[in-house]
Amino acid sequence: MYNNSNAVELVFPTKVIKRDGRLQDFDPAKITEAINKAFSVSGEGNYSESLSLTQKVLENLTNYMISKEIKIPKIDEIQDIVEDTILKSNFLNTAKEYIAYRRRRDKIRESRGKFIKELTDIVKTKDTENANINGDTAMGKMLQAGSIAAKRLCEISLKKEHIDAHNQGDIHIHDLNFLPFGTTTCLQIPLKKLLSNGFNTGHGFIRPPKDIKTAAALVCIIMQANQNEQHGGQSVSALDRDLAPYVELTFEKYVKLLNDLEYNKNIEEKAWELTEKDVDQAMQGIVYNLNTMQSRAGAQVPFTSINFGLDTSRAGRAITKYLLLNFEKGLGKGETPLFPNLVFSMAKGINKEPQDPNYDLRLLAHRVSCTRLFPNYSNQDSTFNAPFFRRKDNPQIIGYMGCRTRVIANVAGEEVTDGRGNLSFTSINLPRIALEANKDINKFFDILKERFILVKNQLLERYEIQRNKKVKEFPFLMGQKLYHNSDHLSPEDTIEDAIKNGTLSIGFIGLAETLVALIGKHHGESEEAQELGLKIVSTLNSWCQLESQKHKLNFTLLATPAEGLSNRFVDIDRERFGVIKGVTDKEWYTNSFHIPVEYKISAYEKIKIESAYNKFTPAGHINYVELDSAPIGNIAAFEQLVNAAFENDCGYFSVNFPVDQCLGENCNYIGIITEEGCPKCQSKKVRRIRRVTGYLGIYEESLDGVNKDSFFNKGKYYEVKNRTTHLKF
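Fair warning: this is a prediction, and the values are worked out from it, not measured in the lab.

S.K.: Where do I start with the overall build of the chain in this structure?
M.R.: For the chain, the helix and strand inventory stands at 22 helices and 20 strands. Since a compact globule built from 729 residues should have a radius of gyration of about 27 Å, the 30 Å found for the chain is in line with a globular shape. With the principal axes as the frame, the chain shows a C-alpha extent of 115 × 60 × 55 Å. In the chain, which comprises 729 residues, the share counted as buried stands at 57%. For the chain, the share of sequence-separated contacts (at least 6 apart) that also reach a separation of at least 24 residues comes to 70%. Within the structure as shown, the chain displays about 30,500 Å² of accessible surface, and the carbon and sulfur contribution to it stands at 50%.

Below you can see the structure in the form of structure tokens.
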């Protein structure tokens, strides 16, 4: 087939050396196939010419083997000869296609090699990218393995400029491991709709509940079921409002029962007493279930948030009261619950002032926050929330999710809270741009615009995958009509009509380090830096608004909740730019627009400076202050902090302080545990709870240095260790 009378005598190798050193049979037909594939793209030749070129390749290979005195050539050597032969035959476009083909194959092999190494490493190490996933468990490691496989798939299937920008640290594509499957991030679950109509998790229809205990149990099941179809968190915008009807059903049940028993005292008073006991048990069930129910193959509990506090009815107030009391009690040994992330919604005329009907519940919320870190606080009266909350037609409670996510404005449809969420988000490495600009602010904004466009296009590439998914691929989220505007969709329909109402968010990290790199000071140190910081963030927000109108999709700016990202960017930048004081000299970049955690500043000044950024980050934001200890019994001072935040137009506020628990045998002391050990039993084993990205996370350590077991990654661990206090109690 490959011989003719005019050809040199061919010395066919019987074997070739693969890239991993193994031997493989030599097959000339593979050369013909590769050349023919290149011809099919370039249009310069056909199969007959592929055979002719293969003959020339074999002749050149023979001459090469003779000149080099080798009997078994390497794969790369043969491919170099193929490439050279095509070029010398003047098939230039075909040569380009063959070279591109080689590069694609090299990329696949490189990805496969990384994949094998990373799978091997998983067995030896734990995942610390997410502080609430137990990477030690078998299922946790299986999740990591699947994550690595998906990331390798992205490397060979996404646009090169996008994956290269991610790998090089210009941007960070969050939840990259879920990208090929088209999952969305999070949702404000339409709880009222599901409980009123009933639902199906795949194994039978669940009827609407008839009492509060059943309704509360179903809340947890709904959150767990939907968590399995999204890669982010699950939230309820108004638990008190949505569960109030089932409190009343329970009350009516007890009234009927007492009447049937011919109870001879105040029936309604007794019925309400019994109802409150059921509400108490129901709320305890929510706290316990959401800290124990597993999702995602059993490696983590659902990331849940519950907004509440605005319902002034007797039933709604009971939900708020007993949810707070049960969270205050903690778990079985007094541990602080990590979930749900409680968000106490606040509004004038409802719970902000002493004369308001739910003001007593506000004080109870503060009491709980003073010991358990939660609840956080949302401000319905901020300049950017009030237009939706206070509007006459269809007013909306602005629900926040634990990490900080906020969804309300909508260029693609109705501006509602429930049934909507973030689709995906990608963050820009701001300090990298500042370092590249080398103190030239105009150049900084030029590069920033380029990165913004890059991220916008990357989000659109991901959206193409998401919008073409079918309803049947998300049988609960879409099949049970949780997503806004999904009611008319059938199983074979794509989900675009629904998810176009979600948000595509562009995030940023390290504003503080960016300002230091540009002008030598961050926004906590200088008014000039604050003005520049606000210009940077407001510019990004205005670009998002323009793209939203252009594409009729909700591009929104997010104050990134950096967890795994906090040290990833700085590690890459330190290697490229070296150690730069105030920029790359730590193990982390500062979250979004926050003032550096180690910088000493008063609580009220920090609140004032950071709150100015909230209105420019409509996709989500959070402000916090750090206390030296739990402000137990100092509710008035805590109230002043919350008031100060809201007076400065903050949308979402929290307070941090150390929560430590002794792990010594039969101790369980909860308080501050210094390096000297537990003040009660002197044990050196400690469980520490700290807020990361809006959620709570834990790390355990032995103060004698023998052992440290942290779900935090390196960046977050050192960031937590270096936090300074802004107010002392």
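S.K.: Would you explain the sheet that holds strand S4 (residues 187-188) in this entry?
M.R.: Strand-to-strand pairing in sheets goes through backbone hydrogen bonds, with the strands running parallel or antiparallel. Strand order in the open sheet formed by seven strands is S4-S7-S8-S9-S10-S15-S14, with mixed pairing between adjacent strands. On the outer flanks of this sheet lie S4 and strand S14 (623-626), each paired with one strand and no other. By the bridge criterion, two bridges tie strand S10 (residues 376-379) to strand S15 (residues 652-656) in an arrangement that is antiparallel. Within S15, the residue paired with Tyr377 across the bridge is Phe653. Running over the sheet, helix H8 (residues 212-227) touches S4, strand S7 (234-236) and strand S8 (304-308) and is turned about 145° from S7.

S.K.: Got a minute to help me understand unusual backbone geometry in this structure?
M.R.: Across residues other than glycine, the phi torsion is negative in most instances, and most of the peptide bonds are trans. The omega torsion of the bond from Phe339 to Pro340 falls at -5°, within 30 degrees of zero and hence cis. Relative to the elements of secondary structure, Pro340 occurs in the loop between helix H11 (314-329) and strand S9 (341-346). Residues Phe374 and Pro375 are joined by a peptide bond in cis, for which omega reads 5°. For Pro375, the position within the fold is in the loop between helix H12 (359-372) and S10. In this model, Asn394 sits at a positive phi of 50°, which is unusual for a non-glycine residue. Inspection of the secondary structure puts Asn394 in the loop between helix H13 (386-389) and strand S11 (422-429). At Asn485, a position not held by glycine, the phi torsion is positive, near 65°. One can find Asn485 in the loop between helix H15 (441-467) and helix H16 (496-499).

S.K.: I would appreciate a short explanation of a negative patch on the surface in the present structure.
M.R.: A contiguous patch of negative charge on the surface is contributed by Glu527, Glu528, Glu531 and Glu605. The biggest single contributor to the negative patch is helix H18 (residues 527-551), with three residues. For Glu531, a relative accessible area of 57% puts it in the exposed group.

S.K.: Whenever I open this one, helix H14 (residues 430-437) confuses me. Can you help?
M.R.: One full turn of an α-helix is made of 3.6 residues, so residues set three or four places apart face in the same direction. Most of H14 is tucked away: eight of the eight residues are buried. Those residues of H14 that sit buried are Leu430, Pro431, Arg432, Ile433, Ala434, Leu435, Glu436 and Ala437. N-capping of H14 is provided by Asn429, with a side-chain oxygen placed 3.1 Å from the backbone N of Arg432. Once H14 finishes, Asn438 follows within two positions and takes phi at roughly 55°, a positive value.

S.K.: Is there a simple way to explain the domain arrangement of the chain in this structure?
M.R.: Per the domain assignment, the segments of the chain are domain 1 (15-102), domain 2 (126-157), domain 3 (160-185 + 420-621) and domain 4 (659-722). Put simply, the middle of domain 3 and the middle of domain 4, counted by C-alpha atoms, are 31 Å apart. Contacts between the two partners involve 12 residues from domain 3, matched on the other side by eight residues from domain 4. Of the roughly 930 Å² buried between domain 3 and domain 4 on both sides combined, carbon and sulfur atoms contribute 59%. Inspection of the domain 3/domain 4 interface yields zero salt bridges. Split into classes, the residues belonging to the side of domain 3 that touches domain 4 amount to four nonpolar, four polar and four charged.

S.K.: For this particular structure, what's the right way to read the pairing of S15?
M.R.: The side chains of a regular strand alternate, residue by residue, between the two faces of the sheet. Of all the five residues making up S15, five are buried; the element is thus mostly covered by neighbouring parts of the structure. Of the two faces of S15, the one lined by Tyr652, Ser654 and Asn656 and the one lined by Phe653 and Val655 are each fully buried.

S.K.: Would you mind showing me how to read helix H17 (residues 511-519) here?
M.R.: The buried fraction of H17 amounts to eight of the nine residues, a majority that puts the element mostly inside the structure. Among the residues of H17, those classed as buried are Leu511, Ala512, Glu513, Thr514, Leu515, Val516, Ala517 and Leu518. Once H17 finishes, Gly520 follows within two positions and takes phi at roughly 90°, a positive value.

S.K.: Could you clarify how one ought to interpret the environment of Leu459 in this entry?
M.R.: Position of Leu459 among the secondary structure elements: in helix H15. Residue class for Leu459 comes out buried when judged on its relative accessible area of 0%. As for Leu459 and Phe555, which are separated by 96 residues in sequence, their C-alpha atoms are 9.1 Å apart.

S.K.: Sorry, what's going on with the pattern of salt bridges here?
M.R.: Between side chains of opposite charge, a pair can form when the charged atoms approach closely. Scanning all chains against the criterion turns up 41 salt bridges. Across the salt bridge formed by Glu436 and Arg451, the nearest N and O atoms sit 3.0 Å from each other. Residue Glu436 is found in helix H14, and its partner Arg451 is found in helix H15; the two are separated by 15 residues along the sequence. Here Glu436 matches Arg451 in class, with each residue buried. Residues joined in a network through salt bridges with shared partners are Asp170, Arg432, Glu436, Arg451, Asp573 and Arg576.

Calculation notes
Residues numbered from 1 in each chain as written. Predicted model: local features only at pLDDT ≥ 70, side-chain atom pairs only at ≥ 80, totals over all residues. Heavy atoms only, no water. Helix = DSSP H or I, 4+ residues; strand = E, 2+ residues; numbered from the N terminus. Rg over C-alpha atoms; globule rule 2.2 N^0.38 Å. Buried < 20%, exposed > 50% of the residue type's maximum accessible area, 1.4 Å probe, protein only. Contact = heavy atoms within 4.5 Å. Areas by Shrake-Rupley, 256 points an atom, 1.4 Å probe, with all protein chains shown as cover. Pairing = 2+ DSSP bridges. Axes fitted to C-alpha atoms, helices over the stretch in contact; angles between N-to-C directions. Patch = residues over 30% accessible without salt bridge, like charges linked within 9 Å, V, L, I, M, F, W, Y side chains within 5 Å. Salt bridge = Lys/Arg side-chain N within 4 Å of Asp/Glu carboxyl O. Lys, Arg positive; Asp, Glu negative; His and termini not counted. Charge placed at Lys NZ, Arg CZ, Asp CG, Glu CD. Polar contact = N/O pair within 3.5 Å; in protein donor to acceptor, adjacent residues only side chain to side chain. Domains from an automatic or database assignment. Buried area = accessible area lost by both parts, 1.4 Å probe. Nonpolar A, V, L, I, M, F, W, Y, C, P; charged D, E, K, R; others polar.

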